[in-house]
Amino acid sequence: MTLSALLPLLSESERFQELIDRLREPTSHETLIAPEAPTPYAVGALWRSFGAPVVVVTPQPESARRLTDQLFTWLGEDAPIYQFTENETLPYERLTPDRGATHQRIRAMAALEDRLAPRPPLIVVSALALSEKTLEPEAFRAGCYQIKVGDVSAPNKLSQTLVEIGYEVESTVEVPGTISRRGGILDVFPVSSDVPYRIEFFGDEVDSIRVFDPETQRSVEPANVVTIVPAEETLPLRSNGARIRDLIGGLDFPGSAARVEDRVAEELGRILRGEMRDELSYYAGLFNHGSFFDYMPPGALLVTLRSSAIEDAVRSADRRLDQLRTTKASRGEIPDHFPQPYLEWGLIADALKDRKRSVAISPFGVDDDRLPGSAERLPFEISPVSGGEAEFALDEIERRQAAGYRVVVLTQHADRLAEMAEEKGIAHSVAKGPLQAPEPGTAIFVQGQLREGFVMSPVGESPLVLLTDKEVFGVSKERRRVRRRPIRRGAKLSDLRPGVFVVHVEHGVGRFIGAEASENEGREYILVENDE
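Here the structure is a predicted model, which means the values were calculated and not measured.

Peer 1: Report on the pairing of strand 9 (residues 197-202), specifying residues and quantitative values.
Peer 2: Pairing geometry for strand 8 (residues 185-189) and strand 9, over four bridges, is antiparallel. For Leu-186, the partnering residue across the bridge sits in strand 9 and is Ile-199. Remark: two residues form the turn of the hairpin made by strand 9 and strand 10 (residues 205-212), two consecutive strands paired antiparallel; Gly-203 in that turn has positive phi of roughly 70°.

So this is what it looks like as structure tokens:
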């Protein structure tokens, strides 16, 4: 259950509105002090109030994943939240990057390019992901297409174009980043979409576009347009050709074996002819010269969590990658002047400093009355309950109610906690539908989970206490989002009924007749009737 109904308790407070007004000025840099537990709540309130893209940088990949998961709890499953995740391959390795991670990165870039949801996006990125180079915006835009009903485009040419921007040809389209063509029908599952599309041509003209179910392959509803973005981050055929030739001409192989030089020359030739797509990560430094910062619009708000830890994380990565590069070069595995596919801390620090609107949030100073510089303390405190003793937690709930607090308990055991509160005579309610902010002096138990709770006391407003299973039962179970994107599934033959239309991989559309067993072979065959 989403907790979005609690966000106005902070965002509509006078002090917070003053903060938002300052952030909307042409240049604004704010420092906020808050414990770690309510930080996702504060970030959600910032995004809801700011009205423009918000990018949040965390020190570590795990902290980025955790923040992303918690933001969905605060903002809802339909919120335009994206994680610009890390590539799962080391530089200079001949490995194929995980396509799921690549697609996550591309969706985040597409969101910043205003090609996805109509609402401004909220992007979460770790320091490591921030340091990895990517497609330049010009190359990304050159690989974006809108296909409308009535457009003129030869199906074979469009298919080839989609292959050039990273789409894989499959017999059936079931997962993002794939296409399939059967005569005048082209199926495509855009990386930027949650559903695939079926484009039907009449000659070279787009006659119809329909959304279809990737599991049943049946059309669901008509569409007028489909937006397609690249499916890969490294697009040699869309890169700056003159610069690529200059970089290749500058490669030197003094310490490399002849076979390494021959292999690099042969592979680069195949890549530039569009004949090689695997192991492109080895050459990412040659083709990728953009950074995540290039996609951030001027009016976006940059939020950094624990800025000093972000610097430490990038500097540590710089040392590891520098050592890796030195080792590879000494073994002759990479040539001299081989471009590196990542940004060092100096460039990242400059890019962070150049942002016109930024907020630095840190837990350091929460318990210190002397705030550094112009830092402002957000109205949060750590949870008053610890140890996981339910009886003590219920006593605290009763005490806070009597003091006029709004009490919300987010737990996986809402009904059990309600029984315990009933036994102690503590007034409460259990949320069964969409959550509404509780009135002052009331308590509500909500089915769900967060890592830990906190107290919020806005000036002039009734305070809020949020407790979780960690405080009540001593169990800290983090929320893991269920993957919403489709996964490849096998066909459900049990769903077929005689007379329904099916699509055969080789023979096209036909009518399912039934199944027939062969006595000689001991096999069962599916019978499909078509016009041929």
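Peer 1: Explain the side chain of Glu-132 residue by residue, including any values.
Peer 2: The topology assignment puts Glu-132 in the loop between helix 6 (127-131) and helix 7 (137-142). Look at Glu-132 and you get buried, because its relative accessible area is 11%. Polar side-chain contacts of Glu-132 include one of 2.9 Å to the side chain of Arg-105. Non-local contacts of Glu-132, meaning those with residues more than four positions away in its chain, are made with Thr-85, Glu-86, Asn-87, Arg-105, Pro-341 and Tyr-342.

Peer 1: Which residues make up the pairing of strand 23 (residues 508-517), and what values do they have?
Peer 2: Strand direction decides the pairing type here: strand 22 (residues 501-504) and strand 23, joined by four bridges, are antiparallel. Note on strand 23: the bridge partner recorded for Val-503 is Val-509. Across six bridges, strand 23 lies against strand 24 (residues 524-529) in antiparallel orientation. Opposite Arg-511, over in strand 24, you have Glu-529 as the bridge partner.

Peer 1: Which residues make up the nonpolar core, and what values do they have?
Peer 2: Val-55, Ile-123, Phe-140, Leu-162, Tyr-167, Ile-199 and Phe-292 are the most contacted members of the largest nonpolar core, which has 54 residues in total. Ranked by residue count, the leading element in this core is helix 5 (residues 99-112), at six residues. Ignoring anything within four residues of it in the chain, the contact list for Ile-123 reads Val-54, Val-55, Val-56, Tyr-82, Phe-84, Ala-108, Ala-111, Leu-112 and Phe-292. Within the second largest apolar cluster, 49 residues are counted, among which are Leu-3, Tyr-41, Leu-122 and Leu-466.

Peer 1: Tell me about the packing of aromatic side chains, and please be specific about residues and values.
Peer 2: For the coordinates displayed, the defined rule picks out 11 aromatic pairs. When the centroid spacing of 6.2 Å and the interplanar angle of 45° are considered together, the rings of Tyr-92 and Phe-338 count as tilted. Of this pair, Tyr-92 sits in the loop between strand 3 (81-84) and helix 5 while Phe-338 sits in the loop between helix 12 (307-330) and helix 13 (345-354), and the two are 246 residues apart along the sequence. Overall, Tyr-92 belongs to the buried group, its relative accessible area being 3%.

What counts, and where the lines are drawn
Residues numbered from 1 in each chain as written. Predicted model: local features only at pLDDT ≥ 70, side-chain atom pairs only at ≥ 80, totals over all residues. Heavy atoms only, no water. Pairing = 2+ DSSP bridges. Helix = DSSP H or I, 4+ residues; strand = E, 2+ residues; numbered from the N terminus. Buried < 20%, exposed > 50% of the residue type's maximum accessible area, 1.4 Å probe, protein only. Polar contact = N/O pair within 3.5 Å; in protein donor to acceptor, adjacent residues only side chain to side chain. Contact = heavy atoms within 4.5 Å. Core = buried A, V, L, I, M, F, W, Y, C linked by side-chain atoms within 4.5 Å. Phe/Tyr/Trp six-rings, centres within 6.5 Å; stacked < 30°, edge-to-face > 60°.

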